[in-house]
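Commentary on secondary and tertiary structure
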Amino acid sequence: DVVLTQTPPTLSATIGQSVSISCRSSQSLLDSDGDTYLNWLLQRPGQSPQLLIYSVSNLESGVPNRFSGSGSETDFTLKISGVEAEDLGVYYCMQATHAPFTFGSGTKLEIK
Amino acid sequence: QVNLLQSGAALVKPGASVKLSCKASGYTFTDYYIHWVKQSHGKSLEWIGYINPNSGYTNYNEKFKSKATLTVDKSTNTAYMELSRLTSEDSATYYCTILGYWGQGVMVTVSS
């Protein structure tokens, strides 16, 4: 199974600060169809996960553009440019290139 | 808008089975695979498998092959997941999702 390693496990940020989360894959997530199925999710406290970014860098509809994704093959990054209070929660990367699909262990974002 | 409405929380005895439902609305039911995801308390996410609502084709995580059975009823736009031979390890919150949208989750507690 593909292992996704997320760092850091926890992140503490002030409002307005920019932060990045890393997700490294144990194998390339480039699919034979040319797409890379690496998504980023946010799970706010007490809520279901929600999709933020799909296929590395595509912003899901309705998601603020302070969120951005980048990377390729095995190294991926989620950046929040100017953290807001509503961004607190646990961020997960998820790969859907290789079955079984797998998730990272999560990065908990706390607001100082 | 898209909505995935899951059945209510379940308390079940060890060794029993439980069937969870996920009623979809706001989109064409057969257009998207429905995935099921497990989240044990305070932990990360595990992909159980998906079902193609159009064909009924399923793809399971090997870990859950003898545990979960995915089905759909196209007449009611509802997906189901049956969990069998329940143990305490199956106590968790289970989500249905089409990846861009997630159900609210259902908590399953296995206890005598």
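The structure displayed is predicted, hence computed values, not measured ones.

1. Some points on the interface of chain B and chain A
The interface is formed by 18 residues belonging to chain B together with 15 residues belonging to chain A. Together, L45(B), W47(B) and W102(B) form the three largest contributors to the area buried by chain B at its contact with chain A, with a combined 42%. Our count for the contact surface shared by chain B and chain A stands at zero salt bridges. Counting across the interface, chain B meets chain A through six residue pairs in polar contact (both at pLDDT 80 or more). Mapped onto the side of chain B that touches chain A, the elements with two or more residues apiece are β4 (34-39) and β5 (45-51) of chain B. Looking at which element gives the most residues to the side of chain B that touches chain A, the answer is β5(B), with four residues.

2. Remarks on the pattern of salt bridges
All names here are of chain A. The full count for this structure, using the stated rule, is seven salt bridges over all chains. The residue R66 makes a salt bridge to D87 at a minimum N-O spacing of 2.7 Å. Placement of the pair is R66 in the loop between β6 (58-59) and β7 (67-72) and D87 in the loop between β8 (75-80) and β9 (89-95), with a sequence separation of 21 residues. For R66, a relative accessible area of 9% translates into the label buried.

3. Describing the sheet that holds strand β1 (residues 4-7) of chain A
Residues and elements named next belong to chain A. If you walk across this open sheet you meet the four strands as β1-β3-β8-β7, and the pairing is antiparallel. Looking at strand neighbours, the two that pair on one side only are β1 and β7, the edges of this open sheet. Pairwise comparison of adjacent strand axes, ignoring direction, gives a mean angle of 20° for this sheet. As paired elements, β1 and strand β3 (residues 19-25) share four bridges and run antiparallel to each other. Across the sheet, the residue bridging to T7 is S22, located in β3.

4. Description of the layout of surface pockets
In this structure, the largest pocket spans a volume of roughly 560 Å³. Residue assignment for the lining of the largest pocket shows that the elements contributing at least two residues are β9 and β11 (107-111) of chain A together with β9 (92-97) and β10 (106-110) of chain B. In terms of residue class, the lining of the largest pocket is made up of ten nonpolar, 16 polar and three charged. Space inside the second largest pocket adds up to approximately 450 Å³. L51(A), Y32(B), I98(B), L99(B) and G100(B) are the residues nearest the centre of the second largest pocket, which is lined by 17 residues in total. Residue composition of the lining of the second largest pocket, by class: twelve nonpolar, four polar and one charged.

5. Quick look at the state of the cysteines
Working definition of a disulfide: a covalent bond connecting the sulfur atoms of two cysteines. All names here are of chain B. Within this structure, the stated rule accounts for two disulfides over all chains. The partner cysteine of C22 in its disulfide is C96, sulfur to sulfur 2.0 Å. On the S-S bond that ties C22 to C96, the torsion sits near 80°, and the link is right-handed. One end of the pair, C22, is in strand β3 (residues 18-25); the other, C96, is in strand β9, with 74 residues separating them in the sequence.

6. A word on unusual backbone geometry
Residues and elements named next belong to chain A. The omega torsion of the bond from T7 to P8 falls at -5°, within 30 degrees of zero and hence cis. By secondary structure assignment, the location of P8 is in the loop between β1 and β2 (10-13). The peptide bond linking A99 to P100 adopts the cis configuration, its omega dihedral lying at -5°. Considering the arrangement of structural elements, one finds P100 in the loop between β9 and β10 (102-103).

Here is what the cut-offs are and how they apply
- Residues numbered from 1 in each chain as written.
- Chains lettered and ligands numbered in written order.
- Predicted model: local features only at pLDDT ≥ 70, side-chain atom pairs only at ≥ 80, totals over all residues.
- Heavy atoms only, no water.
- Contact = heavy atoms within 4.5 Å.
- Buried area = accessible area lost by both parts, 1.4 Å probe.
- Salt bridge = Lys/Arg side-chain N within 4 Å of Asp/Glu carboxyl O.
- Polar contact = N/O pair within 3.5 Å; in protein donor to acceptor, adjacent residues only side chain to side chain.
- Helix = DSSP H or I, 4+ residues; strand = E, 2+ residues; numbered from the N terminus.
- Buried < 20%, exposed > 50% of the residue type's maximum accessible area, 1.4 Å probe, protein only.
- Pairing = 2+ DSSP bridges.
- Axes fitted to C-alpha atoms, helices over the stretch in contact; angles between N-to-C directions.
- 1 Å grid on protein atoms, 1.4 Å probe; cavity = no way out; pocket = protein on both sides within 12 Å on 5 of 7 lines; lining within 4 Å.
- Points joined across faces, edges and corners; volume = space filled by probe spheres on them.
- Nonpolar A, V, L, I, M, F, W, Y, C, P; charged D, E, K, R; others polar.
- Disulfide = S-S within 2.5 Å.

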